[in-house]
Each structure stands twice: as C-alpha cells, then as structure tokens.
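Examination of the molecular architecture
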Amino acid sequence: MRQEIFDSTTRIKQLSQKPSDFLTELLVQQQQFACIEWLFHFQIFRQIPLNGSISYGELATRTQLPESDIRATARMAITANLLSETKQGKLAHNSLSADLFEDPGLWTWFSYLIKRSVPCMRAYTQASEKQLEVVESARTAYTIAMKTELSFFDHLKTNPELSAEFGKYMKSQSTVHAGATVDHLVEGFDWASLGEAKIVDVGGNSGTASMALAKHFEKLSFVVQDMPEPVHNGRLQAQSLSRKISERIQFVEHDFFTPQPDETKGADVYLFRMILHDWPDEDAVKILRHVAAAGKEGSRVVVMDMVLPIPGTASPTLEAALRQKDLMMRQVLNSREREVEDWHALFGKVDERLQIVAIRRPEGSQHSIIEISL
Ligand SMILES: C[S@@+](CC[C@H](N)C(=O)[O-])C[C@H]1O[C@@H](n2cnc3c(N)ncnc32)[C@H](O)[C@@H]1O
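Residues numbered from 1 in each chain as written. Predicted model: local features only at pLDDT ≥ 70, side-chain atom pairs only at ≥ 80, totals over all residues. Heavy atoms only, no water.

Attention now moves to the packing of helix α6 (residues 95-102) against helix α7 (residues 104-122). Axis separation between α6 and α7 bottoms out at 5 Å; the angle between their running directions is 95 degrees. Relative to α7, the element α6 is oriented roughly perpendicular. Contacts from D99, L100, F101 and E102 in α6 reach P104, L106, W107 and F110 in α7. Among the residues forming the contact of α6 with α7, the class breakdown is 6 nonpolar, no polar and 2 charged. (Axes fitted to C-alpha atoms, helices over the stretch in contact; angles between N-to-C directions. Helix = DSSP H or I, 4+ residues; strand = E, 2+ residues; numbered from the N terminus. Parallel < 35°, antiparallel > 145°, perpendicular 65-115°, else oblique. Contact = heavy atoms within 4.5 Å. Nonpolar A, V, L, I, M, F, W, Y, C, P; charged D, E, K, R; others polar.)

Now for the pairing of strand β8 (residues 300-305). Burial analysis of β8 places 5 of its 6 residues in the buried class, the great majority of the element. Note that strand β7 (residues 269-273) and β8 share 5 bridges and pair parallel. The residue of β8 that forms the bridge with V269 is R300. The parallel pair β7 and β8 is bridged by helix α16 (residues 281-294), and the resulting crossover is right-handed. (Buried < 20%, exposed > 50% of the residue type's maximum accessible area, 1.4 Å probe, protein only. Pairing = 2+ DSSP bridges. Right-handed = clockwise from strand over helix to strand, strands pointing away.)

Let us look at the pattern of salt bridges. All chains considered together, the criterion is met by 21 salt bridges. For D262, the salt bridge goes to K265, with nearest N and O atoms at 3.1 Å. Within this structure, D281, R336, R338, D342 and K349 form a network of salt bridges that share partners. (Salt bridge = Lys/Arg side-chain N within 4 Å of Asp/Glu carboxyl O.)

Considering all chains together, one arrives at 1 cavity of 30 Å³ or more under this definition. Considered as a void within the structure, the largest cavity measures approximately 30 Å³ in volume. Residues that form the lining of the largest cavity fall into these classes: 6 nonpolar, no polar and 2 charged. (1 Å grid on protein atoms, 1.4 Å probe; cavity = no way out; pocket = protein on both sides within 12 Å on 5 of 7 lines; lining within 4 Å. Points joined across faces, edges and corners; volume = space filled by probe spheres on them.)

Per-residue pLDDT for the chain has a mean of 95; in total, 99% of the residues score no lower than 70. Scoring the predicted complex yields pTM 0.91 and, for the interface, ipTM 0.99. (pLDDT = per-residue confidence, 0-100.)

What follows is about the site of the ligand. Taken together, the neighbourhood of the ligand is formed by 18 residues, with G203, N205, D226, D255 and R273 sitting nearest. One nitrogen or oxygen atom from the side chain of D226 is found 2.6 Å from an oxygen atom belonging to the ligand. Contacts to the ligand include D255, whose side-chain N or O atom sits 2.9 Å from a nitrogen atom. When the ligand is considered free in solution it has 590 Å² of accessible area, and contact with the protein chains removes 96% of it. Residues belonging to the shell around the ligand are distributed by class as follows: 10 nonpolar, 4 polar and 4 charged. Both of domain 2 (104-173) and domain 3 (179-373) provide at least three residues apiece to the shell around the ligand. (Near = heavy atom within 4 Å. Polar contact = N/O pair within 3.5 Å; in protein donor to acceptor, adjacent residues only side chain to side chain. Areas by Shrake-Rupley, 256 points an atom, 1.4 Å probe, with all protein chains shown as cover. Domains from an automatic or database assignment.)

Now for the domain arrangement of the chain. Looking at the chain, the domain boundaries give domain 1 (21-102), domain 2 (104-173) and domain 3 (179-373). Placing the centre of domain 1 and that of domain 2 at their C-alpha centroids yields a distance of 26 Å. Across the contact, 10 residues belong to domain 1 and 10 residues belong to domain 2. Contact with domain 2 buries surface across domain 1, with F33, F40 and L100 losing the most and accounting together for 58% of the total. In this assembly, domain 1 and domain 2 are joined by 1 salt bridge. Breaking the side of domain 1 that touches domain 2 down by element, the ones donating at least two residues are α2 (19-41), α3 (44-47) and α6. Here the residues of the side of domain 1 that touches domain 2 sort into 6 nonpolar, no polar and 4 charged. (Buried area = accessible area lost by both parts, 1.4 Å probe.)

Looking now at the environment of R116. Mapped onto the elements, R116 comes out in helix α7. Every residue in contact with R116, bar those within four places of it in the chain, is listed here: M146, L162 and E165.

In this section: the UniProt feature "domain: O-methyltransferase C-terminal" (unreviewed entry) in the chain. The UniProt entry lists residues 150-348 under the feature "domain: O-methyltransferase C-terminal" (unreviewed entry), expressed in the numbering used here. Span residues 150-348 is 47% helix and 17% strand, its end C-alpha atoms 31 Å apart. (UniProt positions renumbered as here; feature names shortened; annotations may be inferred.)

Attention shifts here to the side chain of S210. Mapped onto the fold, S210 is located in helix α13 (residues 208-216). Not counting residues up to four positions away in its chain, the partners in contact with S210 are D201, F222, V224 and I249.

The element α13 is extensively covered by neighbouring structure, given that 7 of its 9 residues are classed as buried. Among the residues of α13, those classed as buried are T208, A209, S210, M211, A212, L213 and A214.

So, about the layout of surface pockets. Taken as a whole, the second largest pocket encloses approximately 190 Å³ of empty space. Around the second largest pocket, the lining comprises 14 residues; the ones closest to its centre are A164, G167, K168, K171 and Q237. Elements supplying a minimum of two residues to the lining of the second largest pocket: α7, α11 (160-176) and α14 (228-238). A domain-level breakdown of the lining of the second largest pocket finds at least three residues from each of domain 2 (104-173) and domain 3 (179-373).

This is the structure we're talking about:
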C-alpha cells in the first residue's frame, strides 16, 4: 500500500512537471543533501535532545558555527522532512530524524551513505574520464573518492577499520533496510525441504544470513566463508547466540577465487547473497567455477541478488532503487546489477551443467532468489 502511494504520487508529479519545475526540484534535492551532510559533519543531530529542543544560539555556542548558518541549514533540511522547529523557534527532532538517530542500524546506514556512497557518486564522471585512458582502467569512482590506488575489497583488506565499518553497514542493510532484510532470504526459499543439509555461505561476511537461517531451521548447518576480518567479527558475534544455534555455524577464512577446501566439497547449498553483483562476469565466472567443481550431484547454488527489471515494467520507486544500486556497483566496483538474460548468460559461461531452475522476488524484496541446479 505504501509503495502504491509512493508510485502514484511520483507518477502524478512527473506528469505535471515542467522543465523549470524539474530543475528547481533537482537543485532543491542537491541543496537538501548538502545541508544534511553539513549537519551530520558538525554533529548537530547529537546536540538535539530526543525529547525537547535546543536554541540556535546554544548550538552556535557549542559548535562555534555562525548561528545564522545553522538556522538556514537546519531549515533547509526541514524542507526534506528531517528535523523540526518549535513554535518558539528552537530546533527539535521530528519522528523521522529521531528514528534515524536512535536506531543504530539506521544510523550506520545514514553515516555510510554520507561518508562513502555519495562521495563515490560524485566521483563518477571523473572515474569515467580516467577509464577512457586505458592506463587508468582500474580506476573507479571509489578509488578517486577515497584517494586510494586499491580496489574496494583490497582496500578493506588493508584496513581493519574500514572492513569493520563495511561489515556494520552490511549488517544494517540486512536488518533495517526493508528491501534488503534477511527475512526475505529466510522466507523466500523452501529451506525446510532440504532436511538435514549443509549450507556454505560464500562471502557470508560476519554471518548475518546464516545466523538468521540457523535460528529458523534447526536441521541446517552452515559454513560462513569470508576474509579474515569479517570472519573474526563473525566469531565474536556468534558468542552472543545460544549454543543450539552457534554450534551449527562455522566461520572459515576462505578466498572465493581459490578452490573450495575439502570440508566444503559436496555441500547441499552454496549460498551467494549479494556477492556476484560485486564482480564483472569474468570474475564471477571464476568464483562460480570453484563451486561447480566442489558440488556433488544434487547440490544447489542459491543466489540472492538483484534482477534488474526491463525499463518501465516495475514500480517506479522500486526501479529507481534498483538502478541506484546498479550505478553504485559500477561506481564502487566496476561491476553491475544483471538482467534476467545476463544471469542466464553468466551461468552458461561457467558450465553447461549449471541451469537456472527458478527465479523469484519475495514480496517487498529488492533482491531475487535465483536457484541453480548442478
Ligand atoms: C556485499 S558483501 C555481502 C555479504 C553477505 N553475503 C551478506 O549477505 O550480507 C560481499 C562480501 O564478499 C566478501 N569478499 C570479497 N572478496 C572476497 C574474497 N576474495 N573471498 C571471500 N570473500 C570475499 C566481502 O568481505 C563481503 O563480506
């Protein structure tokens, strides 16, 4: 219902929009973001009591910023439905900003958006310019925005703080992002029908998906494979689970560009949740070949990733969210989200034994579940 309201209002607005309305709105959105970023940077959100308000004068004293700038910036953010002003002209949270500030998952997502995602968007044009020069083809908007020579995952490998930040961000997506919560994975596939089964969660980060599945399906056991830092964090997080759950989840350091170790050969399911969209076909094929070589007859590959809709066929809000992600993959990883044909072509390149058995998008999910038999 909410989705339908968003879609209808978007359609009505677009139908009645003139070019000058469009440009005004574009400008307003950029300014709203610039102001929200400014308030975040100067930690204004922290200064506002959750129950109550604070005067602009007091904020100026605390931050040493000009009172008039704080007022102007906050009032711009208010036009985006973030924060509010009392009748006495003091600054207060509204329910949206209070929720953002109070919920650690939402705050993590908000911080990541400001500190990482948007800077990559801004570096997109420059990155494409660089990629036109063949020597610079390894450049991405990420490498430019973050001032590094390293690709995204290599950068994380060298920096435990960044890796932990990304881990927290991924976890926030699985818990508070309605379109990406792990519930869609739990409910979107008939896990119970597997009976006693071993699931290899390839690139499972700190095990958010495996933990959720282990809670719901007690006959399933899991091996979460990832790089050292997320595996270490996963082991720590698993300590807070009940033994009944934690004893069915193993964390193993494993580079998915190398063959599966003996212990995970012949598993029932190789799960790839939000993994293959990080890699261009050439790399995704290498990753999948190791799994195809490790699987037994009857093993399945379960991929949870986006399937980009044909333009104009999905709800406009959903399509915009999916295309946003497609661009983010290009900007950060030189990768992309895939359309149905791209998925078929990808598995075809790996091994003709890999056949897509089913593709379904759980209600409310941005991701689809693609089931592949070996
Ligand atoms: C987008 S995250 C998805 C995490 C997890 N599957 C989930 O659903 O939350 C991609 C994951 O791939 C992992 N990764 C990247 N390169 C890897 C490699 N070469 N071997 C193993 N894991 C890798 C990252 O550490 C990260 O956890």
